[in-house]
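Single-letter residue listing:
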Amino acid sequence: MVETIVPVVHGTRSWIVSIVAFALGALATAAAVGLVLGALLPTGGGRALLAAGCLALAYAAAELGLVRLPSPQLRRQVPQRWRERYPQPLTALLYGGGLGLGFVTYLPVATLLVVCGGVALVAGPLGGAAALSGFGLGRAVVLFVTTRGVKTYECATGRVESLAGWERGGRLRRANGLALVVLGALLLLAAFGGTAQAATKIDLGPNPVANPSLGDGDVIAYDQITGGTVHGKLLANGTTSALPGFHPDVDGTRVVVDTGATFEIIDVATGNVVDTRPLAGSDPALSGNWLVYRRVVSSGRQIVAVNLNTSAVKIIAQGSARVDLGAPDVSWPRVVYARTGDARSAIWIFRLDTGYTRMLRYASRAVYAHAAIDSNLVAFVRQVRADQQFVRVNLLDDSGAVLYTQPAGSGRHLWAGSVHSWRFAFTAYDAASSAIYKP
Amino acid sequence: MWPDGEGLARRLASGHTRKGFLGRLGATLVGLAGGGVAASALDPEAAEAYHFCGHIYTTGSCPNPLGLPRIDANGYPLRPADGRRIDNLGRLIDTEGWPITAAGDRLLGPTGEPVPKAPRTRICQDWVPEIYHFPTQIDGGWYRCCGGTIRKLVDCCAAHDRRINGDAALTGYCYAGRKVFCVMYYQTTVRC
């Protein structure tokens, strides 16, 4: 195949066209493989990184000759008849496409297998496509380097044989084994770093605090617990001021609080109340003209959205008294909330513009709670038997990451968090205190 | 001579028969015989344990929140130590499913609101299919004396050749060709 694309066959112009065509083919199929692999499993956190790291180290040991592990591949070659049947650029495109698939041709080392396993375990579809694109690009770069400036068939053959010589004596496998050791070590470091990472406590005074809501700059609204009573506070431009209610939620230059009888919207700069809504409910959240909150009615629990311009009311979700509907958050046009029934716990997203609802994450042996949203980023607390995690999910590619893990048995628990412009904050509390942290 | 059914109840509680049919029949008879009769009829010594009390064979526990697969009459998880209801995270819960303290008060977060609920699903019928991706059902059961009351040991069965241990599943204890995948137990209040 290399000898087909070398410039000595069809000249430099055709060589460049063929290299580009080959690269496009390899990138396209490799990215497609990555897309599929990334979609196979949910995007993993620390445990997925741990599994990927172990996979890399296992195959590193195999590459170094310490153990024997399977290396699935078809060991086929790209069909020679293509170059006889099609024009050279098309042949190069097809060759690139075939080689970009990876496992259908001969693989001298196990790196691709490790990368594919890692993509399936750790990455989402787009991340997987990006990672495997590197493999496709690598195949094109190798072709470019080995065919560049070749003047004769002998030279082309010599380069191919020279490349093949790298494999003699196991040098290539040893080098690859060491590379996989480094990769595995990095993945394990990331895995353990992900579970043991420290979060930075935000200094909001000596009293217990909870329920952060981040705004632009240093703006943060939160609840302060003093003497068993909850008071809303607002920190802006280095100054802390009291809010006329609790459970605050910041939206640009405004913040909404629950006063008990009403929801009040306050201007962050002046502290003046700009709107009062006599609505029975709790945990208000604000975005543009929409106010969302949760309430208990005779038939059960509801999450409600109110258009502040028209006062139109929309019931976003409802359930029986046994259903736990978590505090909602809104970032136009999406409302996010947690819903836990007897059989399942889930994070749901409702679109105010289309009325469309979808389930972002669900589990029956875990709890999803305290959902927050900003634009395309969702953050929530996920609790399993082993530990509690503060997690973010990017709605653009469905990729997720564990931002903080609170191990079981520590006596500390995670509570409500916030996300704003890729900044995150969450509450961690124990029997004696409660504080707000940024991961 | 034992009263009608009492001898069978005694054999079920002290013997080794654990065919699903006999287990079901035994459960009925033990219930009919009543606590007093069973108390006089059953072996008063606790059964020896290989795995957990009453289970001397090697099939592993069904996956569960707290390590030991104690269930209620409907297959939902209970706390092994005292039989109080727990959710899928292993937390004590009230009858509505809200997490509670040991004293029975609602578990509260830092601002005084209840801690979020967790799902509560059946160990054999829900947990196992979700984790292992094949259908299961409760077929067999047998009885032992544990902690002074009769314990029903319950087989979670599947049409699957391997058991939860990873090796060959035991045959002959479930219906319709199913085999024992994992085991659970239900502690009755019938004294023994």
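Residues numbered from 1 in each chain as written. Chains lettered and ligands numbered in written order. Predicted model: local features only at pLDDT ≥ 70, side-chain atom pairs only at ≥ 80, totals over all residues.

### So, the overall build of chain B
Rules: Helix and strand definitions follow DSSP, with helices as H or I runs of at least four residues and strands as E runs of at least two, each counted in order from the N terminus. Working definition of burial: number of other C-beta atoms within 10 Å of the residue's own, with buried at 20 or more, exposed at 12 or fewer, and partly exposed in between, all C-beta atoms being placed from the backbone. Contact criterion: two residues are in contact if their C-beta atoms, reconstructed from the backbone, are within 7 Å.
Tallying secondary structure elements over chain B gives three helices and three strands in all. Reading the secondary structure of chain B in the N-to-C direction produces α-α-α-β-β-β. Across the 192 residues that make up chain B, the buried fraction comes to 44%. A separation threshold of at least 6 residues defines the contact pool for chain B, and within that pool the share at least 24 residues apart is 57%.

### Considering the interface of chain B and chain A
Threshold: Basically, the charged four are Asp, Glu, Lys and Arg, the nonpolar ten are Ala, Val, Leu, Ile, Met, Phe, Trp, Tyr, Cys and Pro, and anything else, Gly included, counts as polar.
Tallying the contact residues gives 18 residues for chain B and 26 residues for chain A. In the side of chain B that touches chain A, the residues fall into six nonpolar, seven polar and five charged.

### Description of the sheet that holds strand β25 (residues 434–438) of chain A
Residues and elements named next belong to chain A. In plain terms, the rule: We call two strands paired when DSSP finds no fewer than two bridges between them.
With antiparallel pairing, four strands are arranged side by side in an open sheet as β1-β25-β24-β23. The strands lining the two open edges of the sheet, one partner per strand, are β1 (200–201) and β23 (413–420). In the sheet, β1 pairs with β25 via two bridges, with the strands oriented antiparallel. Note on β25: the bridge partner recorded for Lys201 is Tyr437.

### Some words on the packing of helix α7 (residues 111–122) of chain A against helix α8 (residues 125–147) of chain A
Residue and element names in this part refer to chain A. What counts here: Geometry is summarised by axes, namely lines fitted to C-alpha atoms with helices restricted to the contacting stretch, and by angles between N-to-C directions that run from 0 to 180 degrees. For this classification, under 35 degrees means roughly parallel, over 145 means roughly antiparallel, 65 to 115 means roughly perpendicular, and everything else is oblique.
Contact geometry for α7 and α8: axes closest at 10 Å, N-to-C directions at 170°. The angle between α7 and α8 falls in the class roughly antiparallel. Within the contact between the two elements, α7 uses Leu112, Val115 and Val119 and α8 uses Gly128, Ala131, Leu132 and Phe135. Here the residues of the contact of α7 with α8 are counted per class, giving six nonpolar, one polar and no charged.

### Some remarks on unusual backbone geometry
Cis geometry is found at the peptide bond from Trp332 of chain A to Pro333 of chain A, where omega equals 5°. Secondary-structure assignment places Pro333 of chain A in the loop between β15 (329–331) and β16 (334–340). Positive phi outside glycine occurs at His370 of chain A, with the angle close to 55°. According to the C-beta neighbour criterion, His370 of chain A is buried, with 27 such atoms within 10 Å. One non-glycine residue, His133 of chain B, adopts positive backbone phi at about 65°. Of note, His133 of chain B is situated in the loop between α3 (123–132) and β1 (136–146). Judged by the 7 C-beta atoms lying within 10 Å of it, His133 of chain B falls in the exposed class.

### Description of the sheet that holds strand β12 (residues 300–307) of chain A
All names here are of chain A. Read across the open sheet, the four strands follow the order β10-β11-β12-β13; overall the sheet is antiparallel. Pairing within the sheet leaves two strands with one partner each, and these edge strands are β10 (282–287) and β13 (313–319). On average, each strand axis in the sheet is tilted by 20° relative to the strand beside it, whichever way the strands run. Across four bridges, β10 lies against strand β11 (residues 290–297) in antiparallel orientation.

### Comments concerning α3 of chain B
All names here are of chain B. Definition in use: Relevant arc is that of directions from the helix axis to the C-beta atoms, nothing else.
Taken together, the buried positions of α3 are occupied by Ile123, Cys124, Trp127 and Val128. Viewed end-on, α3 has its buried residues packed into an arc of 100°, placing them on one side of the element. Turning to α3, the residues buried within the fold contact β1, β2 (149–158) and β3 (179–191). Count one or two residues on from α3 and you reach His133, which has phi positive near 65°.

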